[in-house]
Amino acid sequence: MGFVWFWIVAVMIVAYVVLDGFDLGVGILHFLVARTEQERHLVIRSIGPVWDGNEVWLLASGGTLYFAFPLLYASAFSGFYLALMIVLWLLIMRGVSVELRSHMDTPVWKSFFDGMFFVSSALLAIFFGAALANVIRGVPLNAEGYFFLPLWTDWRTGAQPGILDWYTVLGGVIALLALAVHGSLYLAVKTEGALQLRAREFAKPGAIALLAITIVSLPATVFVRADILANYRQYPVGFAVPVLVLLAVSGMIYFSRRSEDRKAFGASCLYLCVMLVGAAVGLYPRLLPSSSDPGLDITIAKAISGPYALRVGLIWWAFGMALAILYFVVVYRMFRGKVSLGDGYGH
Amino acid sequence: MDALLLHRIHFGFTITFHYLFPQLTMGLALLIVVMKTIALRTGQEIYNESARFWAKIFAVNFLIGVVTGIPMEFQFGTNWSQFARVTGGVIGQPLAMEGVFSFFLESAFLGLFLFGEKRLSPRAHWASAFLVWLGSWISGFFIIVTNAWMQHPVAYRVLPDGRYEVTSFWGLLTNPWALIQYAHNMSGAVVTGSLVMCSVGAFYLLDNANREHAKVFLKVGVTAGLISCITQIFPTGDLHGRYMARNQPAAVAVMEGLYRTQKGAPIVLMGQPDEERQTIDNPLIANGILSFLIYGTTKAEVQGLDQIPRDQWPEPQPLLYYAYHVMAGLGTYFALLMVVAALLLWRGKLFTARWVLWPLLLSFPLPYIANTAGWMTAEIGRQPWIVYGLIRTSQGYSKYVSAGNGLFTLLGFMGMYALLSVLFIVLVYRIIHTGPAVAAGQQAPHDGALVTD
């Protein structure tokens with residue numbers, strides 16, 4: 001059961017990053033690719049009908065985590081208190097900026113929310129990347145399974161790190177770049193004309209930079225947490241994951257050069273997916289490792305809920321997910337094709 | 001400041017602000033479905049135009065409800081981690097189900113409902129409105145199930161390491177407290193929706209603008225208001241009070257200002273509790289009524305605060321007493337107002353009866369106060385327990401989050417919500433100022449999923 005729920009939560013987080021990732025990326029990029037008011041309008045429209053549904057994956061993951069691994073939820077959420085609160089404020093600012101921007105037709109109003117949309121999207125990407133890097137690096141858990149991290153200490157990855165250190169900042173930068181490229185490829189799929197060209201122009205060098213920083217991140221991760229390779233050594237088939245990561249970035253570079261936007265976006269989805277799966281494989285069966293003593297790690301066995309709850313949960317979860325996927329198919333079908341400024345549902 | 005008190009204020013502030021918005025959207029969603037149904041059945045376009053106008057107000061409220069709702073789910077872990085750790089095996093379930101069954105549904109169909117009217121057939125558009133309503137009421141149900149378990153824990157066992165696990169999924173979902181509380185709460189949401197709708201209708205009539213739409217608002221609002229204001233008192237409020245008296249006697253004793261156990265207990269209609277002397281100052285009381293309301297006979301004995309061990313008294317007592325009295329007083333006023341308005345509507349005189357239109361216009365803040373006071377009664381009444389009889393609130397908060405950090409984020413939320421309030425008021429003012437007639441004629445540009453203008 002622990003194995004199943006570990007991967008259920010992992011899959012939900014992957015779905016969140018791949019889906020909300022592109023609308024975060026659009027937020028990071030919109031000043032760069034959209035020059036006129038019309039273009040800005042189109043950019044926001046390209047994510048308008050879907051961003052809220054994408055963000056629901058975050059809430060659903062959070063709820064599922066609470067239910068399946070209460071100890072992890074309690075420990076991680078209170079331990080990363082300040083960072084999480086900042087994330088909540090950023091989520092509020094972002095939702096408001098997407099939705100209220102077009103409410104008044106004055107340049108000051110629009111510029112204000114455009115700026116807020118950029119700042120909140122970029123910071124969220126950085127925080128999410130840093131959060132994952134924190135989990136990989138480990139945190140100073142005590143015997144009760146709790147910890148409390150300040151925002152930063154000495155920027156090193158020792159036994160008493162801060163939420164931000166050189167490694168987690170690296171994670172943040174990777175996330176920022178990866179989601180920006182992800183967003184640009186999405187925009188290339190959803191738009192036409194000058195906007196599409198500028199999105200492609202960002203994606204080409206962006207994907208190369210992403211390849212470079214990804215190559216740096218792999219040894220950095222092994223340096224910070226040497227035992228991340230243990231599962232890979234035991235099951236060498238796991239090394240397919242880093243290979244897939246490199247293949248996916250190469251695919252992004254290749255397809256974006258040939259202006260095959262859909263394939264390039266697909267490669268970007270694959271990249272985000274295998275990066276996260278790679279981390280999950282390395283961590284399993286740990287959920288939150290300790291930065292000092294492996295005996296204090298929060299593992300699946302320590303954190304898992306009781307068997308009855310999990311059995312019942314599996315039934316409603318499968319049913320609920322089938323419904324959720326159905327809704328997504330309906331919405332994305334209604335919203336298919338390029339966005340334009342006309343009337344109606346995104347078209 | 002003491003960390004426990006700070007975490008309580010943190011949750012109390014963020015939940016109180018948050019619930020100002022869902023109470024309207026849950027009520028309004030139902031009224032919009034009613035309008036869409038009338039439009040579909042009778043072909044009267046004015047009902048479609050009215051639904052479109054209210055959809056805009058719905059959208060702004062929904063947006064603020066969504067963005068202030070996200071922190072609620074996270075705060076169980078951030079500020080109440082000791083509580084979350086032991087109860088995840090029970091209430092993690094309904095909270096996760098809310099995300100899976102409600103939020104996906106709402107987020108998918110709200111966009112279709114708001115912007116799909118031209119693309120969808122009238123029936124399909126009605127269905128999207130219906131699904132938005134369904135999603136919002138499912139969401140309410142799972143939250144109530146969560147809260148009801150904290151008020152009245154059922155269907156659980158304690159694991160050797162002190163964690164709680166659900167033993168019957170069905171038992172958890174059909175907790176009697178949850179069913180009663182859900183009925184009372186949703187009826188309360190419809191009260192807010194209908195009173196706000198009546199208020200805008202009365203405003204337009206008194207302002208001599210949008211008269212035809214205003215009449216639709218008042219017809220739908222007064223009818224729904226009459227039904228919900230009465231069900232709010234009977235049977236839902238009555239059932240809730242009696243169930244509470246049997247299961248949380250300490251809360252009822254403080255709510256009613258009953259300090260000493262007595263036969264033929266009176267009800268205090270007005271008066272100021274004196275906590276130190278354990279008396280009510282300037283009381284206006286009706287003898288035997290409390291016994292009658294709880295046990296059906298004016299002779300029955302009702303447990304007073306004197307029979308409750310001191311360490312199980314709810315705190316703060318005056319707030320609990322006043323919250324309950326404000327709720328009950330306003331609930332009575334709503335029922336009277338709606339009975340009068342409904343009589344005039346029936347006789348065809350409401351639209352010119354300025355002496356009723358004015359109170360209808362001015363009453364829009366009151367259901368928010370009543371709903372908030374009702375929730376304060378429930379939540380303070382449960383104290384000093386976070387899970388009634390099982391876990392004390394003082395054992396639930398995050399002990400590794402210092403009071404300083406808690407204060408910092410509380411102030412952050414206050415600042416952020418102050419800004420949101422200003423934006424909200426400006427936007428809703430603009431929608432009401434523009435009015436339904438203009439909204440019906442043109443479709444203004446829009447970007448996002450939720451808000452159109």
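### Quick notes on the overall build of chain A
Item 1. Scanning chain A for helices and strands turns up 13 helices and two strands.
Item 2. At 20 Å, chain A has a C-alpha radius of gyration in line with the 20 Å of a compact globule built from 347 residues.
Item 3. Overall size of chain A, expressed as C-alpha extent along the three principal axes, is 60 × 40 × 40 Å.
Item 4. Across the 347 residues in chain A, those meeting the buried criterion constitute 56%.
Item 5. In chain A, once contacts between residues fewer than 6 apart in sequence are set aside, the share between residues at least 24 apart is 75%.

### Quick notes on the packing of helix α11 (residues 317-346) of chain B against helix α12 (residues 354-362) of chain B
The relative placement of two packed helices comes down to the angle between their axes together with the axis-to-axis distance.
All names here are of chain B.
Item 1. In contact at an axis separation of 11 Å, α11 and α12 are set at 135° when each is read in the N-to-C sense. The orientation of α11 with respect to α12, classified from their angle, is oblique. Relative to α12, the crossing made by α11 is left-handed. Residues L337, V340, A341 and L344 of α11 form the contact with α12, whose participating residues are V356, P359 and L360.
Item 2. Grouping the amino acids of the contact of α11 with α12 by side-chain chemistry returns seven nonpolar, no polar and no charged.

### Section: the pairing of strand β5 (residues 279-286) of chain B
Item 1. Relative to β5 of chain B, strand β4 (residues 267-274) of chain B runs antiparallel, the two being bridged by six bridges. The residue of β5 of chain B that forms the bridge with D274 of chain B is T279 of chain B.

### Brief notes about the interface of chain A and chain B
Item 1. With 60 residues of chain A at the interface, the matching set in chain B holds 58 residues.
Item 2. Within the residue set of the side of chain A that touches chain B, elements represented by two or more residues are α2 (37-47), α3 (51-68), α4 (70-79), α5 (81-100) and α13 (307-334) of chain A.
Item 3. Per element, the largest residue contribution to the side of chain A that touches chain B is 14 residues, and it comes from α13 of chain A.
Item 4. Looking at the side of chain A that touches chain B residue by residue, the classes come out as 39 nonpolar, 16 polar and five charged.

### So, the environment of I180 of chain B
Residues and elements named next belong to chain B.
Item 1. With respect to the helices, strands and loops of the structure, I180 is situated in helix α7 (residues 176-207).
Item 2. You can call I180 buried: it has 23 C-beta atoms within 10 Å.
Item 3. Note: C-alpha distance between I180 and G237 (57 residues apart in sequence) is 8.5 Å.
Item 4. For I180, the residues in contact, after removing those within four places along its chain, are T236, L239, H240 and Y243.

### Let's talk about helix α10 (residues 240-257) of chain A
Residues and elements named next belong to chain A.
Item 1. Look at α10: 25 Å from first C-alpha to last across 18 residues, which is about the 26 Å you get at 1.5 Å a residue.
Item 2. The secondary structure elements touched by the buried residues of α10 are α7 (166-190), α8 (193-224) and α11 (261-283).
Item 3. Backbone geometry just downstream of α10 places S259 in the positive-phi region, at approximately 60°.

### Brief notes about unusual backbone geometry
All names here are of chain B.
Item 1. Cis peptide bonds are those with omega within 30 degrees of zero, and the linkage from E315 to P316 qualifies with -10°.
Item 2. Position of P316 relative to the elements: it lies in the loop between β6 (301-302) and α11.
Item 3. Following Q383, the chain continues into P384 via a peptide bond in cis, with omega recorded as 5°.
Item 4. Its place among the elements puts P384 in the loop between α13 (365-382) and β7 (385-387).
Item 5. Although it is not a glycine, N208 sits at a positive phi angle of roughly 55°.
Item 6. Of note, N208 is situated in the loop between α7 and α8 (211-247).
Item 7. The phi torsion at N210 lies on the positive side, around 50°, for a residue other than glycine.
Item 8. With respect to the helices, strands and loops of the structure, N210 is situated in the loop between α7 and α8.
Item 9. With 25 C-beta atoms packed within 10 Å, N210 lands in the buried category.

Procedures and definitions
- Residues numbered from 1 in each chain as written.
- Chains lettered and ligands numbered in written order.
- Predicted model: local features only at pLDDT ≥ 70, side-chain atom pairs only at ≥ 80, totals over all residues.
- Helix = DSSP H or I, 4+ residues; strand = E, 2+ residues; numbered from the N terminus.
- Rg over C-alpha atoms; globule rule 2.2 N^0.38 Å.
- Buried ≥ 20, exposed ≤ 12 C-beta atoms within 10 Å, placed from the backbone.
- Contact = placed C-beta atoms within 7 Å.
- Axes fitted to C-alpha atoms, helices over the stretch in contact; angles between N-to-C directions.
- Parallel < 35°, antiparallel > 145°, perpendicular 65-115°, else oblique.
- Left-handed = near helix turned anticlockwise from the far one by under 90°.
- Nonpolar A, V, L, I, M, F, W, Y, C, P; charged D, E, K, R; others polar.
- Pairing = 2+ DSSP bridges.
- Expected span 1.5 Å × (residues − 1).

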